[in-house]
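Observations on the model geometry
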Amino acid sequence: MKTGLKITAFAAALAGAFGTAYGVGQTFDPVVAERPPAHEERHPSGAGESEHGGTAAAQAPGGLQISEGGYTLDLDTPAVTAGERAELLRFTVRDADGRAVDEYRREHDKELHLIVASRDLVTYRHLHPERAPDGTWSTPVDLPRAGGYRVFADFTPDRPGAENLTLGADLAASGPYSPRELPRPSATARVDGYDVKLTGALTPGRAGELRLTVSRDGKPVTDLQPYLGAYGHLVALRAGDLAYLHVHPEGEPGDGTTRPGPHVSFTATAPSGGSYRLFLDFKHDGVVRTAAFTVEAGKATPEKPASTSPGHTESPGHSDGHGH
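Report follows, based on the coordinates.

Rules used in this analysis
Residues numbered from 1 in each chain as written. Predicted model: local features only at pLDDT ≥ 70, side-chain atom pairs only at ≥ 80, totals over all residues. Heavy atoms only, no water. Phe/Tyr/Trp six-rings, centres within 6.5 Å; stacked < 30°, edge-to-face > 60°. Helix = DSSP H or I, 4+ residues; strand = E, 2+ residues; numbered from the N terminus. Buried < 20%, exposed > 50% of the residue type's maximum accessible area, 1.4 Å probe, protein only. Contact = heavy atoms within 4.5 Å. Pairing = 2+ DSSP bridges. Axes fitted to C-alpha atoms, helices over the stretch in contact; angles between N-to-C directions.

1. Section: the packing of aromatic side chains
In the structure shown here, the tally under the stated rule is 6 aromatic pairs. Note on F91 and W137: the rings are 6.2 Å apart at their centroids and 5° apart in plane angle, and the pair reads as stacked. Residue F91 is found in strand β4 (residues 88-94), and its partner W137 is found in strand β8 (residues 136-140); the two are separated by 46 residues along the sequence. For F91, a relative accessible area of 0% translates into the label buried. Taking the centre distance of 5.9 Å and the plane angle of 80° together, the rings of Y104 and F155 count as edge-to-face. With Y104 in the loop between β4 and β5 (112-118) and F155 in strand β9 (residues 147-155), the pair connects residues that are 51 residues apart, well separated along the chain. Given a relative accessible area of 5%, Y104 falls into the buried group. Here the aromatic cluster, defined as three or more aromatic residues joined through ring pairs, consists of F91, Y104, W137 and F155.

2. A closer look at the side chain of T92
Its location among the elements puts T92 in strand β4. Judged by its relative accessible area of 1%, T92 is buried. Ignoring anything within four residues of it in the chain, the contact list for T92 reads T72, L73, D74, D76, A100, G135 and T136.

3. Points about the sheet that holds strand β10 (residues 165-174)
Across the sheet, which stays open at both edges, the 5 strands sit in the order β3-β10-β9-β5-β6 with mixed pairing between neighbours. Looking at the sheet topology across the chains shown, the edges are occupied by β3 (79-81) and β6 (124-127). Taken pair by pair, the neighbouring strands of this sheet meet at an average axis angle of 25°, ignoring direction. Examined bridge by bridge, β9 and β10 share 9 bridges and lie antiparallel to one another. Residue pairing for β10: F155 is matched across the bridge by L165.

Right, here's the structure in full:
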């Protein structure tokens, strides 16, 4: 479904200047549980995932539409200035009658998860905006480079029959623009002295396990801390259109079987072949860090890290916004 955005002439000019868009997908894996959790959240707007890791028909990925299921992402801030830390991103989720949605189901400790990614997938932000009584969401956003970005709102309205949705809208950051190449595929990523290794494969149209192993100074990290109700949070974006896969981990803290590292496992299905960029958020020593990977769906991922530092994302990769 398509719904028009409120776009100023300035934003339209910016969009025309930014040129070709780049996109990617990703996958990560939190701690492996010996059995599937009793409750597993399904994201119908993402790629098809099987509750038991079996084959699942790929569904339309999320984030490609601004409207779906009777809900619309109304982005009040279609353009920001690159490098401005004081910029405030504002948006509203509206129902079929145009009313602001003001009741949401809390999922993974939040009513709504907001992802902002550059079209070349070098810059990634996982934000937690604050909702005002009138239903308007807002959060500070710091985008270091000019160019085209995609905003993803992942939420479930607290209304009868409502399902989880991921809606997407375009965002422009003004300033001199120079796109970067997608980092080469690699099964390892390094961030802030931590090494994260990816095993498993992202397979088009078929569910499979992705396992991430976290270590520091050559030693496995066995005391990961819960973040958003899990030991890892994974977002995957497909190159070209930034189709959004929000994959949840197997198991959860306190379920009696899931250990706090060093392994974290996910079940994921790629909607198609091609390149994907994976962003894994994990928490240790009170700090949330983001490890990034490039993978090719349907192909083996090289073990050796690429010389272009595939695990690098421009800092920070996450933010609590207003502390919501």
